[in-house]
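Here are the chains, one letter per residue:
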Amino acid sequence: MAIKKIATFIPNLHGGGAEKIVINLLKGMLKTNVSLDLVLINADGPYLSQIPDKVRVINLAAGRSLKSILPLSNYLRKHKPDAIISHLSEANLATVLAKKISRTESKVILVEHNTLSASKSKLIRARFFTPLMRKLYPYADTIVGVSQGVSQDLECQLNLSKGKVRTIYNPIVDFDLINKAKSSLDHPWFRKGSPPVFLAVGRLTEQKDFMNLIQAFALLRKQRHARLLILGEGEKRSELEELINKLGVREDVSLPGFVDNPYAYMSRANGYVLSSRWEGLPTVLIEAMACGCPVIATDCPSGPSEILEAGKYGSLVPVGDPRALSSAMSDLLESPLNRDILKQKILDFSIEQGTNKYLKLLGYA
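Residues numbered from 1 in each chain as written. Predicted model: local features only at pLDDT ≥ 70, side-chain atom pairs only at ≥ 80, totals over all residues. Heavy atoms only, no water.

A.B. asks: How do you make sense of the pairing of strand β12 (residues 295-298) when you look at a structure like this?
C.D. replies: The side chains of a regular strand alternate, first on one face of the sheet and then on the other. Of the two faces of β12, the one lined by Val295 and Ala297 and the one lined by Ile296 and Thr298 are each fully buried. With three bridges joining them, strand β11 (residues 271-274) and β12 adopt parallel strand pairing. Residue pairing across strands places Val273 opposite Ile296, the latter belonging to β12. A crossover connection joins β11 to the parallel β12 through helix α11 (residues 283-290); in handedness this β-α-β unit is right-handed. As judged from the three bridges shared by β12 and strand β13 (residues 315-317), these two strands associate in the parallel manner. By the bridge assignment, Ala297 is partnered in β13 with Leu316. (Buried < 20%, exposed > 50% of the residue type's maximum accessible area, 1.4 Å probe, protein only. Helix = DSSP H or I, 4+ residues; strand = E, 2+ residues; numbered from the N terminus. Pairing = 2+ DSSP bridges. Right-handed = clockwise from strand over helix to strand, strands pointing away.)

What follows is the structure, given as structure tokens:
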């Protein structure tokens, strides 16, 4: 069989879940007989260092998705990949338009990582994207949702026929992740005899709702000594720091920014908390479970309930309810779920399984 050339398109490699999934897919596909290009609107972000050596990186240096359409069409015309897998709504729209302009035969796969109905009401730009998505997404060869919830919502929001969107769980877990979880960690909060530590990982944005988490932690802190560590960076940092000071928990809440190996923290934390207002399939929740960390999540659309099987593998609490979240955090410290049970569940999210499903879409199993 001839070597297939597969292109992956994403705006950048900032420290988010979709970007991490792209890196995992590239690693998984390299184990097969394919040639891989990674096309970026801007070649920046902390995950650049994790791109596998055999992947060719194409930097469009376009600034924004709209400005990337012509450079991307030129790439398609020049390099003629057998398929292009695009991630995130803005990039997906640019991909469909670039394919039309280039008049090439490249197969187009669009991947959605968030629940459109939840995210569009929060993000002003997304309100304008939905009509364009309704018009342009049907031109894709395949549309992929990263969870059943994302797929069903996308069909409803874009007036697509039932079954038009394929569900493929994100490729997340491999031996590399497990090995990183065992790495040494020199952090004073994890020394023997220290108070319990709750962990959260993600961009400091409205979507992740760390304001709610900090409020919940402040309520818990009134009852018992504990600590909260939030790994990530984003535009809400100043607001979060202001809230931390206002609630008087500065000594017990830390926002150290982005870290290369969050898994070493996950394997040692007493509990992981996902406080999001909306998600698609939250990667970090699955990663925490793979590291054996007991989890709590808001029952947001969509993903957490699907992953935790309606509470079987971790607590689900209402979105934006700090008292309910604080109560769940207290309960977790009193009776955490067995860590081995958590590790059994994550087999559904292996990199090998996810990669194989994408390759099957391309007719290359």
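A.B. asks: Is there a simple way to think about the nonpolar core in this case?
C.D. replies: Counting 65 residues, the largest nonpolar core has Met29, Leu38, Leu199, Met266 and Tyr272 as its most contacted members. The biggest single contributor to this core is helix α1 (residues 17-29), with seven residues. Non-local contacts of Met29, meaning those with residues more than four positions away in its chain, are made with Ile6, Val34, Leu36, Ile85, Thr355, Tyr358 and Leu359. If you look at the next biggest cluster of nonpolar residues, it comprises 30 residues, including Phe9, Leu60, Tyr75 and Tyr137. (Core = buried A, V, L, I, M, F, W, Y, C linked by side-chain atoms within 4.5 Å. Contact = heavy atoms within 4.5 Å.)

A.B. asks: I keep staring at the sheet that holds β12 and nothing clicks. Help me out?
C.D. replies: Picture the strands of a sheet paired through backbone hydrogen bonds; they go either parallel or antiparallel. Strand order in the open sheet made by the six strands is β10-β9-β8-β11-β12-β13, with parallel pairing throughout. Each edge of the open sheet is held by one strand with a lone partner, namely β10 (253-257) and β13. Strand-to-strand twist in this sheet, taken as the mean axis angle between neighbours without regard to direction, amounts to 20°. Where strand β9 (residues 227-231) meets β10, three bridges bridge the pair, whose relative direction is parallel. Its bridge partner being in β10, Leu228 is matched across the sheet by Val253. Seen against the sheet, helix α13 (residues 322-334) touches β8 (197-201), β11, β12 and β13 and runs at an angle of roughly 165° to β12. (Axes fitted to C-alpha atoms, helices over the stretch in contact; angles between N-to-C directions.)

A.B. asks: Is there a simple way to think about the sheet that holds strand β2 (residues 34-40) in this case?
C.D. replies: Within the open sheet, the seven strands sit side by side as β3-β2-β1-β4-β5-β6-β7. Their pairing is parallel. Every other strand in the sheet has two partners, leaving β3 (56-59) and β7 (165-167) as the edge strands with one partner each. Taking each pair of neighbouring strands and ignoring which way they run, the sheet shows an average axis angle of 25°. Across four bridges, the pairing between strand β1 (residues 4-10) and strand β4 (residues 83-87) is parallel. Its bridge partner being in β4, Phe9 is matched across the sheet by Ser86. The sheet contacts of helix α2 (residues 65-79) involve β1, β2, β3 and β4, and relative to β1 the element is tilted by about 175°. Contacts from helix α6 (residues 148-157) reach β5 (107-112), β6 (142-145) and β7, with the element oriented near 175° to β7.

A.B. asks: Explain the pattern of salt bridges to me, please; I cannot follow it from the model alone.
C.D. replies: Between side chains of opposite charge, a pair can form as their charged atoms come close. Overall, the coordinates contain 16 salt bridges when judged by the stated rule. In this structure, Asp37 engages Arg56 in a salt bridge whose closest nitrogen and oxygen atoms are separated by 2.7 Å. On the criterion of sequence distance, the pair formed by Asp37 in strand β2 and Arg56 in strand β3 is long-range, its members being 19 residues apart. Its relative accessible area of 2% is what places Asp37 among the buried residues. Here Asp252 and Arg221 are joined by a salt bridge, their closest N and O atoms 2.7 Å apart. With Asp252 in the loop between α9 (237-247) and β10 and Arg221 in helix α8 (residues 210-221), the pair connects residues that are 31 residues apart, well separated along the chain. Since its relative accessible area comes to 25%, Arg221 is described here as partly exposed. (Salt bridge = Lys/Arg side-chain N within 4 Å of Asp/Glu carboxyl O.)

A.B. asks: I keep staring at the packing of α2 against helix α3 (residues 89-102) and nothing clicks. Help me out?
C.D. replies: Pairs of packed helices are described in terms of their axes, by the angle between the two and the distance that separates them. It is the contact of α2 with α3, at a shortest axis distance of 8 Å, that shows an interaxial angle of 45°. Relative to α3, the element α2 is oriented oblique. The chirality of how α2 crosses α3 is right-handed. In this structure, α2 uses Ser65, Ser68, Ile69, Leu70, Leu72, Ser73, Leu76 and Arg77 to contact α3, whose residues at the interface are Glu90, Ala91, Ala94, Thr95, Leu97, Ala98, Lys99, Ile101 and Ser102. Among the residues forming the contact of α2 with α3, the class breakdown is nine nonpolar, five polar and three charged. (Parallel < 35°, antiparallel > 145°, perpendicular 65-115°, else oblique. Left-handed = near helix turned anticlockwise from the far one by under 90°. Nonpolar A, V, L, I, M, F, W, Y, C, P; charged D, E, K, R; others polar.)

A.B. asks: Any chance you could explain the state of the cysteines here in plain terms?
C.D. replies: Each disulfide consists of a covalent bond between the sulfur atoms of two cysteine residues. Inspection of every chain in the model, using the stated rule, returns zero disulfides. Cysteine Cys156 shares no disulfide, and the gap to the nearest cysteine sulfur, in Cys300, comes to 18 Å. Judged by its relative accessible area of 56%, Cys156 is exposed. Unpaired in terms of disulfides, Cys300 finds its nearest cysteine sulfur in Cys293, a separation of 18 Å. (Disulfide = S-S within 2.5 Å.)

A.B. asks: Honestly, the packing of aromatic side chains in this entry has me stumped. Any pointers?
C.D. replies: Where two aromatic rings form a pair, the distance of their centres and the angle of their planes describe that pair. Counted under the stated rule, the structure contains three aromatic pairs. For the pair Tyr47 and Phe258, a centre-to-centre distance of 5.7 Å together with 75° between the ring planes defines the contact as edge-to-face. Taken together, the residues span a long stretch of sequence, with Tyr47 in the loop between β2 and β3 and Phe258 in the loop between β10 and α10 (263-266) at a distance of 211 residues. Taking relative accessible area as the criterion, Tyr47 reaches 6% and is therefore assigned buried. The class of Phe258 is partly exposed, set by a relative accessible area of 32%. Considering the side-chain rings of Phe190 and Tyr265, the 6.0 Å spacing of their centres and the 75° angle between planes classify their relative orientation as edge-to-face. Note that Phe190 is positioned in the loop between α7 (175-181) and β8 and Tyr265 in helix α10, a separation of 75 residues in sequence. Just as Phe190 is buried, Tyr265 falls in that class too. (Phe/Tyr/Trp six-rings, centres within 6.5 Å; stacked < 30°, edge-to-face > 60°.)

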